[in-house]
Each structure stands twice: as C-alpha cells, then as structure tokens.
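Below are the chains, spelled out letter by letter.
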Amino acid sequence: MNMTNAAIAEKGVGALDVKISSKGVDVYYADNHAIKNVSLDVLDHTVTAFIGPSGCGKSTFLRCLNRMNDTIDICRVTGDILLDGDDIYAKSVDPVQLRAKVGIVFQKPNPFPKSIYDNVAYGPKIHGLVADKADLDEVVEKSLRRAAIWNEVKDRLDSPGTGLSGGQQQRLCIARAIATAPQVLLMDEPCSALDPIATAQIEELIDELRSNYSVVIVTHSMQQAARVSQKTAFFHLGEVVEYGDTNTLFTNPEDKRTQDYITGRFG
Amino acid sequence: MVSMTKLSGYHSSAASNARLKKRHAAEVRLKAYGIIAIALAGLALLALLWSIVGKATGALTEHYITLPVDLEAAEIDPDNIGKANFGGLTKDVLKEQFPMVTNRKSKKLLYDLVSSGAGFELRQDILDDPSLLGKQIEFDFLASDVADLYFKGTFGRLDGVETSGDLTLIADDKEIEVISSAPDFIAALEVVKAGLLDRARVLRRQAKLQDNGVQEFIRRADRAEDNATKEAALAQVATRETQRDGLLAQADELERRAAAEGGNEKIGRKEPSLLLKIGDGWIKMTEVTPNGGRGEEILPIGDITSVPAGGWLYYVADQPEVSRKVSDNQAVWLETLRDKDAVKKTLNWRFFSSGDSREPELAGLWGAIVGSFWTMLVTFSVAFPIGVLTAIYLEEFAPKTRFTDIIEVNINNLAAVPSIIFGLLGLSVFLGFFGMPRSAPLVGGLVLALMTLPTIIISSRAAIRAVPPSIKNAALGLGASKVQASFHHTLPLAMPGILTGTIIGMAQALGETAPLIMIGMVAFIVDIPGGITDSASVLPVQVFRWADFPERAFEARTALSICVLLVFLVLMNALAVFLRKRFERRW
Amino acid sequence: MLSFAVLMIFASSLVFFIAGRAKAVQSVNGAYATLHSRPSYHGMYSSLWALLVGMLLLLVVSVVWSNLNDRVLMGAVLDAAPDISKIDAELVLSDAKSIAQGNIASKTDALRSTLAQQASAIEGQRLWGSVIISILGALFAGLLTNRQIDRDFRARNRSEKLVTGVLMVCAIIAILTTIGIVLSLIFETLRFFNQIEWQWWKFLFGTTWSPLSGVHDGVLDADKVGAAPLFVGTFMITIIAMIVAVPIGLFAAIYLSDFASPRVRLWAKPMLEILAGIPTVVYGFFAAITVAPYIRGFGESIGLSVASESALAAGVVMGIMIIPFISSLSDDVINAVPQSLRDGSYGLGATKAETIRQVVLPAALPGIVSAILLGVSRAVGETMIVVMAAGQGANLTANPLEAVTTVTVQIVMLITGDTEASTAAGPAFTLGFTLFCVTLGLNVIALKVVRKYREQYD
Ligand SMILES: Nc1ncnc2c1ncn2[C@@H]1O[C@H](COP(=O)(O)OP(=O)(O)OP(=O)(O)O)[C@@H](O)[C@H]1O
Ligand SMILES: [Mg+2]
C-alpha cells in the first residue's frame, strides 16, 4: 500500500502505474506446457484485453493473476508475477486476500445455489466489508446496478440465482465480483452469453471501472477488444506474440501472426 | 453512501488482516474436525479388530494332559470295545493321580479337568489299534475348557513368594496350624488387606449411589403436592439412609482392619487365595497372620511337623476364587500335573476340523464352514444367473415402458429392505408355503439369493452399460440378432464387472445373519452337512450362537470364528479388486 | 431323488439338442444354406423347451403334491382324534414326519407311528410321481418341438423369442419378491389385527409389550401387544447411532473430498470400506463383549448405573457401522458439486472452509439429507447388533443407559422362541410389516430427494 503510494508520488501524474507485472511466467498442466515464458505488464486504470485463438492459454494466464490455478492439483506456475510490486506467489502472500484484491469473472456463469441477494452479498459478508445491513443492501444494489441487471431482479432478490437466464446469471456473477470491491477485475469472456444490449451495458461498466481499477478482459470479439481496451495482448500457442496499445495492435500489427488473426485468416 | 473505491482499499488494511486470521482459524478448525472424524473411524476399526484378534489368539492352542492308562487292569472286552465304559476309565485314571480326593464334590471337580470327549478319543485309539489292550500306555487326555483356560492364564497367575523362616506345623482334626519363625506372611497379609480396601471402595461407591437416591427423594418430598406422596418419599429417604449408613459402616470397618498393624485375617472365597506348598503337599490357608495362620490340606503333606527354611514357599493367586471358574483345588491339581511335565500345548487343529459341540474344547468350525459353502453355492447358482439375465433384459431388451420403470424402482427399493424382512419372507414362503426343510442351506441360500439379487443386478447393469455400444452395433451390422449380439459380444466383455459385483454381493451374503436366524439355521447341529437339504449352520450364525454361550472358553472361539469369517471376506474382496484391476478397460 | 430328476431333464434336453440339429441337417440333406436357421438353433429350440417344461413341472408338481399330502395327513389326524386342538394336530403331524424321515420326534406313540408309515408312503408317491411327470413332460415337449423342425422352420426367431421370454421372467422375479414380501407380511398382519379386533391403536400406542403371555387358546390379548416401547427403543438407538455417525461421516466426507491429499485418500477410503464390509454380527459381538462392558465400567467409575445391555452401547456401535454409509454417500454428493461453484467462491476470496460451509454444503444438502435418511433406514432395520447388545425386555424409557428393546429384536425373539409358530407369527409379522413400511418410506423419500438433486446438476 505504502509502496504503491510512494510509487505514484514518484512517477507523478500522467504516467500510468504498473498494477500487475509478470516476468518469464511458465505454466504447466502436468506435462502440458500451457504458458511459455510470458512477460507482460498490466497497467492501473487501464483495460487490458487478451485475445487469441481457442486453447492458446488466455484463461490460464488470467487465472495465474489471482492464483486461481492453485485449486488445480496438476497445475504448476513458475516465474514472477508482482501485484503493486509484491510477488503474489511469495510464501507470505495469502491467496485468499489476493483474490479479494484481484477479482475474477469466469467464462461460464456459476451463480451459487442461493438467492440473488445472497449471491451478491457473499463477498462483502465473508470479507467483512460493510458494518451493517443497510450498507450491505446499498453495496448489493450498487453492484447489481453497475452490472446492468438491477432492473431485472430488483423485485425478486430472494429468488434463487440459478433460476436466472444464462445472460442474467453472467451479469449476476459480474455483480458478485464487483461487490467484493477488488482493485483488479479479471473477466474471462464476460459477454459470451449476453445479448447486444447487455453487452453494451457491460462494456460501459468496464469503461467506468477503469477510472478506479485495472481491468483485464479475455475476449474472442476483436470489435469488443477494440472498443473497450487500451492495451491488447495477442496470445498464440501459450506465448504472447504481441502486446501493445490497442490502436496500434489493430491498425498496425508488428507480427505476421497477429495480422493473420485480426484479419480473420485463422483462429 | 458507500464508496466502492474506498472499500477496495480495505483489503490491504489491518482490519482485514485481523479478520483473515480468524477466517483461517475457522478453516483450521474445520480441517481438524475432518481429521478427528477420520481418526475416530480409524480408531473404531482398530479397536474392533484389536479386541477380536486379541481374544481370538486364545483359541489357537489347546492343552492335553498326558496320563498313564493301565489297559491291562481295565476290564475291556476285546470283542466289544465300543461298549466299554471309557468315561469311567478316564475318571479312574484321574483318581489314580490324586488318590486323596474322596468326597463327591471334589471328585466332580477333579473329573472336570479333562474333557468329556477324551474318553471317546481313547476309545477311538483302541478301536484303531486293539493290540493296545493289555498294555500300559500314556494317553493324551484333552484338557477341559476350564483347565485349558487355566493353563492359558485366563484365571490369573499364582505368584510364588520365597520364605526365610522355619515352619512348624500343628495338625488338629480338620485344619493345620502353621507358624513360621520369621514374619514371612506379611506379604500375603498385605495382599489380603489390599483386597479389603478394594471392597471398601466398592461399598463406598454403593453408598454414594444410595446417597444420590436420598437426595433425589428429599427433592421429591419437597415437591410433593399431597401428603401421601410426600410420606412415601420420606419413607424412601429413611430406608435409603439406613442402607447408606450400613454400607459406610462396613466400609469403615474394612478400612480400619486394613490400616491396622499385623492382625489376623480370614481368607474366604472373596479374598485372593493363599496356597502353601511343602514338598509335593499343598495347604490352602483360611486364616493368615504375619507369622503364619491356619489352613486345610489339599494335597497330603504327610506327617511332617516342621520344615526348615527353604523347604517351603507359598503362592498368592491374583484373583479371588469366586471370580474364576477354576477352584483352588483344581489349580493345585493342575499345577501338580504341570510340575510332572504331564501338560502339553498344541495347535488347535481340532477347532478347524470338527463340528459344533456344547463343550467348548470340542467345538469346531468345520460344520459351519461347510454349511456356509452349501448356502453360498445355492445363493450363487440362483442369484448369479437370474441377476445377470435380469440385467441383460433391462439394459438390452426391455422396452421403455411403465412396466420396466416399475421393475427398476422395485429393484432399487429391494436393495434397501432390511435383511430380517427377507428372513420373514423365507419363513412364510419357502418354509410355510413350499414346505421346504427348516435349517437347510437350500432355504438359506434362496433367501440370501433374493437378498443379493438387487446388488448383482445393479452392478451387472453398470458393467453392461460400460461396454461401448459400438461393439454391439458392429455385431448387429454383421447380421447378428439382438440376442446373439448381447450374449456373444456384450456379455463376455461385461463379465469381469459382473463378476466383481457378484463377488461383493456374495461377500455380503456370507456375512449375513438375521434372515438365516428367521429360517431356523440357529439350531444346534453337530454333524457336518452333506448337502443342501441337510440341517446346517453357517459361520455368522455360529458366531451369533456362540457369543451367547456362558462358557468363558467360547469367547475366544467366537473371536477366532470371526477372524476366519473376516479372512474369507477379505479373500473375496481381494479377488473382486483383482478382477477389477486386471480387466479394467477404458474404452 | 430330485437331483436325479434334474439330471435326467438336463440329459433329455441335451439329447433333444443333438436330435434337433441332426434332424435339421437331414431335412435339407446337408445343404445348410437352404435352412432358414442354422442347425444348432433347431436343436436349441427343442432342447430349451424340454428343459423349461421339465423343470417347471418338477417344481409345480412336487410343491402342489406336497401340499396335498399335508392335507391328507391332517385329515388322518383329525379322523383318529377328532377333538384334538389345531396346534396339537400340527405337532403330531410334524412328529410323524420326523419319524418317517428317521429323525428324533418329541414323542412316539401308536398314532404317530401309523401316521409316519402313511407319511412315508405318500411322500414316496409324491417323489416318484413328480419325477416321472416332469421327465415325461420334458420328453413330450422335446418330441413335440422336434417334430416341428423342417427346412422352413424359423427356429432362430422362435428360440430367441423364448430366450427373451426367459429374460423377462427373470426380471419379474424382482417384482415377485416384493409381492411375496408384501403378501406374506400383510396376511399375518391382517390376522393379527383380526385377533385383537382391529384395535390398532392398542398396537401402535399401547405401552405393554408381552404378546405371548396374554395368549388364551391361541388368541392374543389386545392389552399386551402395545408396541410403543419397541418403537421408542428403536428410535432411541437410531438417534444415538445417528449422533455418532452423522458428524463423523459428514466431517470425514468433507475432509476426504476437499482437504485430504491423494495419499491420505488412498488409505482412508479403503479403511472406511473395510468398516462397511464387516458383517453386522461382528459388530454385535464387539458391542456385547467390548463396548458394553467398557461403557458400563466407565459409567460406574463416575457413579452412574448403566445396564449391561444399555441402549448406548448398541447405539454407538451401530453408529460406527453407519459411518461409512454416510461418508461414502456424502462424499459422492459433495464431489458432485461442480468445481465451477467452488471456483466462483475461491475467486471472490473465500477460504476453503467458507466455500464448503456456505457454497458446497448448501448445494449438496439434498444429497446429504438423503444419505442420512438411508442411514436411518439402515439403523432402523439393523438386527444383529441390537439382538446381541440391546435388551430384550420391553422397557419404556428415555434413559440411554438403560436397556431398551427394538422392533427387530422382538421379531427375532418371537420367531426363535419356543412358542407355537402360528401364535408368534402374528405379532412378529406385524412388526415386520411396520418395519417394512417405515424403511420403504424412508427409501422412497431419499431416492426422490437424490433424484431431484441429480437433475439440478446434470
Ligand atoms: N484444468 C486443466 N487441466 C489440464 N489442462 C488444462 C486445464 N485447463 C486448461 N488446460 C489446457 O491448457 C491449455 C490452455 O487452455 P486455456 O483454457 O487457457 O485456453 P483459452 O485460451 O482460454 O481457450 P478458450 O478461448 O477456448 O477459452 C489448453 O491446451 C488446455 O487443454
Ligand atoms: Mg478460456
């Protein structure tokens, strides 16, 4: 915390801080080398998009950023990943606290078999974010509003979250993730189950979140990446082929493979 | 207003850290509960196996008493050996060893040292070799259960105490007074006094219970609403108080005696026995002082009036006579026989090779094992084909109709019907309606077959389902009929899985008891059953029956039977695991 | 004798197989291709019929004949001694049968001896008769089907139809078993209630259970068949068992599914399986010989009076028996909770414990509830542990340190007791019926719950 403040003071206004910095990250699923020597900095107050063909390791890398891979027995991560300058794979780091700071929304919606309200209140409750019920209600409402689902569920907060449609479930999961008040939000194809209207609302949310947080989004939609992100990384076969400003990457890619991908020649 | 940005700072705050500690503590607790649960389950398993194996070892050996038999003197008609009174002969042989045993009660105790089956074994030996008649032979008499347990130390030990004084013996008409020149008997007196303290403790505990009663009735009297109840309660209080005070007084008296120096204590059947050994003679003490006491002769000491130091010693039994099945007399006789090297310990093969008996030392397991075999044979030959055919039908042929649904639900529910209900079914249908013989492996096997049928069907269906349809379809494509495809292709491939399920079902059936009790397999059957319609018992039922017998020696035999049963179960399950591993195929 | 018949039937079926095949070959003079079905199908068709008819006849004829014989003998007894009571008549009959078989009878007299002679005579007739009829039947069926064989006979389709029929009959045996259970239980239950003049409340709520002491002329005293103490006893032991089994089984399942390393799982699971595979009679022995004395000793050392056959000892051991049941079923349902739910929770920064308590367990709850219900059903129907370690006297108490008796214990006592079977059967089968209904109900509910739960995640 102090370090970050100091860093901000040092760099001054204008230059954006590095929120998450990774160096030489390799990930193995047993013998499967899924991520190969990836080094990539995620900036604060920025939306970073990961694009790339299916199975290239986008989700895997995303999951490394908040140590979700710890829950997979066969998964092994090497290399350095720093959050605000601190190694998140250090012994002293508690993954529980890390994940509170670095929230995640998964590719497939996974609401808990609880009421809609309880789904959203889950994070604030376990972390003790709010002192009383009124605050909790407020956090829940705010989160649901920002996830663009409030109007659809405000009359049935007590009904089970599993009873919502797929798209609604996904937005519920987004609301659940922002209710925990993370500093970084990782989103794995958050809009894949959403209609254009909801997608637009989520994109709006992402843009809004940028003012406070850093957002990383995995997407298969080139347009979406271009719309919402400032930075884009192109993954291919477990490597980051190209990482840079979204505009540059889409208009003037350096690598042949990137060009092929964004022009739809493969993937 | 709650600011989300501010909230997100919380995750790095001290408050969050403190809370995190608590959250992790909760996690450690949950994990600890899990470990404790596993540990408790493991402990229960260990306790169970430990207590059973520990008890079973006692039945692994048996004892024989080798005694000379004068077959010349015994008047046995060589032409009619079978009719001769070998029981009487056995008794004579024992009497010869201890001629001083004359009164009827003692004689009975003496005869109890040797199994009632020993005479039959002697007869068998002579029938096998009639030339023995007219000879002097040494014969191994099977020790009775009580003698056997004594040799195994079940009834405690006799602890020898060395002495230092010269002993003077003064005989009057019934008893002998013994006086040592040194206070040799202090150790014995201490043991007796420790016994007194034990008894005092028991009395105090009883007094405490009475006192609880007193308090309770005082409370009731206070709460009583009418006079009658109150008076009844007060009367209870009074009687309980007297009882309590009586018990306390007795305890005080015992403790006083224990605390006093020296003294003269009587040794009854409730005190640890004190046995004096002089040469080959034994005296059982009935009174003890630091320097001697009084006692009665068990084995003759002759006309001796004094014994020099070192020529005598005494033994203290660590259990009082009442709490063991073997009397002091018997203990002395057995010790004497042991001193003469007439006692032999052998492996208890008899247990594994003979049928049931009411005499523990003669009882064996073979009848039950054979009975279990016949029963399992019936169970297998009924349940396996029917189970497999049903599974094939349900998986491959049955149309998806309501009727098939009913069969399925039915099978699932049958799997959970208590086994005793199957017993009732067997009782009323197989015994009552079909008039089949009681206690027969045929009926037992049928009942168990119905019981294991659901298990076999369910596992066979799973095995059949695991065979990929492509194989069957290939056969069908080559023009095979549905029946051919199922029986020639699917079934052989599913067989390992089916067999695994069947073995597990059979293992369950092998351990099943309750339904067999219902159909009369609890009867006492000595003979080894020769077929499925003979009366028979099975292993678990024999365990049940023996567990109920009062003879101490049956406890070890029951435990050993359980071990044998468990060994069979382990073998069967190992076979199932082996089959599963060996033929496990991933398609 | 009967095995001889079975052998003969098998032999004739084999003969028909060979004969049928030969005839099929002969019918086309060895030109196999012109046959509708392969020759062995013709043989099989004929032999299957012979086998089926023979076996069926053997079973039916010998059973029916045996019942007829019993009736004849009973008639003879009643002729000889017209005013004999029904129970005595049955006794005489069973004695006569024992004598006829050369076994020991409770009494031998002129009546019994003559009856024995008659019994052995008609028993011989029955044996010979059923054997001959069944073998003849097999031959007849074989010959008849053998005659049908010719070139165009659709032997394969026919025999496959037959096989399918046999398969279906096998499947129906499961239903027959259930019907048999229900019928045999209901029959005696109705008779029982008839005897106590349909005062069913006296059975369900009466507090005096001593059914055989109130028997007059084979009729029960309705005031002595109050089974409430048995229900309470069963309930108490079940509760104790569940108090032991549910926490241990559940925590063990939670630990094994979410905390344990693969190595721990490798030995802990087989350990629980061993616990599940131990026969109940062994648990009963353990309860009676080890646990009960221990509990009694422990109770006395702290000044409590404990019955030597306390409900506590039986309940605790029954709990141990049910632990693996609860743990393996719960383990299944806990594992069935999708990983994505756990990930969702971890992703929000929840600890493992929070995830389990607040996400996994609520999601698995229906499955766990059904596991517990099945466990209860097991405990209620368990016999050997309580027969060996619980009391036998019907004692209405709520104190787990006293001896109580259970429904199953009383069934065993009634059936194995010395009382005339027909008298004891009423209360015993009625208790059995009650037990059957309760366990069936528990199972149906449990299976429903679990099915609902499966649908949720499939
Ligand atoms: N839990 C796992 N166990 C084993 N291998 C895995 C696991 N998860 C992913 N992999 C492997 O890691 C590689 C990368 O997978 P990942 O899920 O990161 O791809 P992705 O880029 O997210 O693809 P998509 O766009 O389809 O979501 C793949 O080869 C995949 O098979
Ligand atoms: Mg992905």
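Residues numbered from 1 in each chain as written. Chains lettered and ligands numbered in written order. Predicted model: local features only at pLDDT ≥ 70, side-chain atom pairs only at ≥ 80, totals over all residues. Heavy atoms only, no water.

1. A short note on the overall build of chain A
Here's step 1: For chain A, the helix and strand inventory stands at 11 helices and 10 strands.
Here's step 2: The globule rule puts the C-alpha radius of gyration for 267 residues at 18 Å, and the 18 Å found for chain A is close to it.
Here's step 3: Each principal axis of the C-alpha atoms in chain A carries an extent, and together these give about 50 × 45 × 45 Å.
Here's step 4: For chain A, buried positions account for 55% of its 267 residues.
Here's step 5: A sequence separation of at least 24 residues applies to 66% of the contacts in chain A between residues at least 6 apart.
Here's step 6: Charge-centre separation for chain A: the mean point of 28 positive side chains lies 3 Å from the mean point of 35 negative side chains. (Helix = DSSP H or I, 4+ residues; strand = E, 2+ residues; numbered from the N terminus. Rg over C-alpha atoms; globule rule 2.2 N^0.38 Å. Buried < 20%, exposed > 50% of the residue type's maximum accessible area, 1.4 Å probe, protein only. Contact = heavy atoms within 4.5 Å. Lys, Arg positive; Asp, Glu negative; His and termini not counted. Charge placed at Lys NZ, Arg CZ, Asp CG, Glu CD.)

2. Considering the overall build of chain B
Here's step 1: A count of helices and strands for chain B gives 19 helices and 12 strands.
Here's step 2: Computed over C-alpha atoms, the radius of gyration of chain B comes to 36 Å, more than 25% over the 25 Å expected from 2.2 N^0.38 for 587 residues, which places it beyond the range of a compact globule.
Here's step 3: Expressed as lengths along the three principal axes of its C-alpha atoms, the size of chain B is roughly 110 × 100 × 60 Å.
Here's step 4: Among the 587 residues that make up chain B, the fraction classed as buried is 50%.
Here's step 5: Pairs at least 24 apart in sequence give 76% of the contacts found in chain B among residues at least 6 apart.
Here's step 6: Charged side chains of chain B number 63 positive and 67 negative; the gap between the two group centres comes to 15 Å.

3. Some words on the coordination of the magnesium ion (ligand 2)
Here's step 1: With distances of 1.9 to 2.6 Å, the protein atoms coordinating the magnesium ion (ligand 2) are A:Ser59 (OG) and A:Gln107 (OE1). Placement of A:Ser59 in helix 2 (residues 58–64) and of A:Gln107 in the loop between strand 6 (102–105) and helix 4 (116–127) is noted, with a sequence separation of 48 residues between them. (Donors = N, O, S within 2.8 Å, 3.2 Å for Na, K, Ca; no water.)

4. Looking at the interface of chain B and chain C
Interface size is commonly expressed as the accessible surface area that is lost when the partners come together.
Here's step 1: Taken together, the contact between chain B and chain C spans 74 residues of the former and 75 residues of the latter.
Here's step 2: Taken over both partners, the interface formed by chain B and chain C buries close to 6400 Å², and the fraction arising from carbon and sulfur atoms is 79%.
Here's step 3: The tally of links from chain B across to chain C stands at 1 salt bridge.
Here's step 4: Here B:Arg23 makes a salt bridge to C:Glu354, at a shortest N to O gap of 2.7 Å.
Here's step 5: Scanning the region where chain B abuts chain C turns up 10 residue pairs in polar contact (both at pLDDT 80 or more).
Here's step 6: For the side of chain B that touches chain C, the residue count by class is 52 nonpolar, 16 polar and 6 charged. (Buried area = accessible area lost by both parts, 1.4 Å probe. Salt bridge = Lys/Arg side-chain N within 4 Å of Asp/Glu carboxyl O. Polar contact = N/O pair within 3.5 Å; in protein donor to acceptor, adjacent residues only side chain to side chain. Nonpolar A, V, L, I, M, F, W, Y, C, P; charged D, E, K, R; others polar.)

5. Side note on the packing of helix 11 (residues 366–397) of chain B against helix 18 (residues 539–548) of chain B
Residue and element names in this part refer to chain B.
Here's step 1: Orientation of helix 11 relative to helix 18, taken along the N-to-C sense of each, is 140°, at an axis distance of 8 Å. On the basis of the axis angle, helix 11 is oblique to helix 18. Within the contact between the two elements, helix 11 uses Ala368, Ile369 and Ser372 and helix 18 uses Leu539, Pro540 and Gln542.
Here's step 2: Considering only residue class, the contact of helix 11 with helix 18 consists of 4 nonpolar, 2 polar and no charged. (Axes fitted to C-alpha atoms, helices over the stretch in contact; angles between N-to-C directions. Parallel < 35°, antiparallel > 145°, perpendicular 65-115°, else oblique.)

6. With respect to the pairing of strand 7 (residues 272–278) of chain B
Residue and element names in this part refer to chain B.
Here's step 1: A large share of strand 7 lies buried, amounting to 7 of its 7 residues.
Here's step 2: Across the two faces of strand 7 the burial is the same, with Pro272, Leu274, Leu276 and Ile278 and Ser273, Leu275 and Lys277 all buried.
Here's step 3: In the sheet, strand 7 pairs with strand 11 (residues 312–320) via 6 bridges, with the strands oriented antiparallel. Looking at strand 11, one finds that Lys277 is bridged to Leu313.
Here's step 4: In this sheet, strand 8 (residues 281–289) lies alongside strand 7 in antiparallel orientation, the contact comprising 4 bridges. From the neighbouring strand, Lys277 faces strand 8, where its bridge partner is Trp282.
Here's step 5: Adjacent in sequence and paired antiparallel, strand 7 and strand 8 are bridged by 2 residues, among which Gly279 carries a positive phi angle near 60°. (Pairing = 2+ DSSP bridges.)

7. Quick notes on the nonpolar core
Here's step 1: Counting 243 residues, the largest nonpolar core has A:Leu144, B:Phe422, C:Ile181, C:Tyr283, C:Ile411 and C:Leu431 as the members making the most contacts within it.
Here's step 2: For this core, the leading source of residues is helix 7 (residues 228–259) of chain C, giving 17 residues.
Here's step 3: If you look at the next biggest cluster of nonpolar residues, it comprises 47 residues, including B:Val69, B:Phe86, B:Phe151 and B:Phe155. (Core = buried A, V, L, I, M, F, W, Y, C linked by side-chain atoms within 4.5 Å.)

8. Section: the confidence of the model for chain B
Here's step 1: Residue-level pLDDT values for chain B average 87, and 99% of them are 70 or greater.
Here's step 2: In the predicted complex, the global pTM is 0.86; the interface-specific ipTM is 0.88. (pLDDT = per-residue confidence, 0-100.)

9. Some remarks on the domain arrangement of chain B
Here's step 1: Examined at the domain level, chain B breaks down into domain 1 (4–58), domain 2 (61–151), domain 3 (158–323) and domain 4 (364–583).
Here's step 2: Of note, the centres of domain 2 of chain B and domain 4 of chain B, computed from C-alpha atoms alone, are 47 Å apart. (Domains from an automatic or database assignment.)

10. Focus on the sheet that holds strand 1 (residues 18–29) of chain A
To summarise the sheet geometry, strands pair through backbone hydrogen bonds and adopt either a parallel or an antiparallel arrangement.
Residues and elements named next belong to chain A.
Here's step 1: Judged by pairing direction, the sheet is antiparallel, and its 4 strands sit side by side in the order 2-1-4-5 without closing on themselves. The open sheet terminates on both sides in strands that have one partner only, identified here as strand 2 (32–43) and strand 5 (86–87).
Here's step 2: Pairing geometry for strand 4 (residues 75–83) and strand 5, over 2 bridges, is antiparallel. Pairing of Leu82 across the sheet is with Asp87, part of strand 5.

11. Here's the deal with the site of ligand 1
All names here are of chain A.
Here's step 1: The immediate surroundings of ligand 1 are formed by 15 residues, with Ser54, Gly55, Ser59, Thr60 and His220 found nearest.
Here's step 2: Expressed as a share of its isolated accessible area of 630 Å², the protein-covered part of ligand 1 is 65%.
Here's step 3: Elements supplying a minimum of two residues to the shell around ligand 1: strand 2 and helix 2.
Here's step 4: In terms of residues, the shell around ligand 1 owes the most to one element, helix 2, which gives 3 residues. (Near = heavy atom within 4 Å. Areas by Shrake-Rupley, 256 points an atom, 1.4 Å probe, with all protein chains shown as cover.)

12. Describing the side chain of C:Thr405
All names here are of chain C.
Here's step 1: Note on placement: Thr405 falls in the loop between helix 13 (384–389) and helix 14 (407–416).
Here's step 2: Reaching out from Thr405, the side chain makes a polar contact with the backbone oxygen of Gly391 at a distance of 3.3 Å.
Here's step 3: A polar atom in the side chain of Thr405 sits 2.7 Å from the side chain of Gln410.
Here's step 4: Beyond its immediate stretch of four places on either side in the chain, Thr405 contacts Pro229, Leu230, Gly233, Thr234, Gly391, Gln392, Gly393, Ala394 and Gln410.

13. A closer look at the pattern of salt bridges
Here's step 1: The final tally for this structure, using the stated rule, is 50 salt bridges over all chains.
Here's step 2: Across the pair A:Asp260 and A:Lys256 runs a salt bridge, and its minimum N-O distance is 3.1 Å. With a gap of 4 residues between them, A:Asp260 and A:Lys256 both fall in helix 11 (residues 256–262), about one helical turn apart.
Here's step 3: Residue A:Lys256 is classed as exposed on the basis of its relative accessible area, which comes to 53%.
Here's step 4: Taking the shortest distance from any N to any O, the salt bridge between B:Glu253 and B:Arg256 comes out at 3.1 Å. With B:Glu253 and B:Arg256 both in helix 8 (residues 227–259), this residue pair falls 3 residues apart, about one helical turn.
Here's step 5: Looking at B:Glu253, the relative accessible area reads 35%, which means it is partly exposed.
Here's step 6: Sharing partners across several salt bridges, the network here consists of B:Asp172, B:Glu175, B:Glu177 and B:Arg294.

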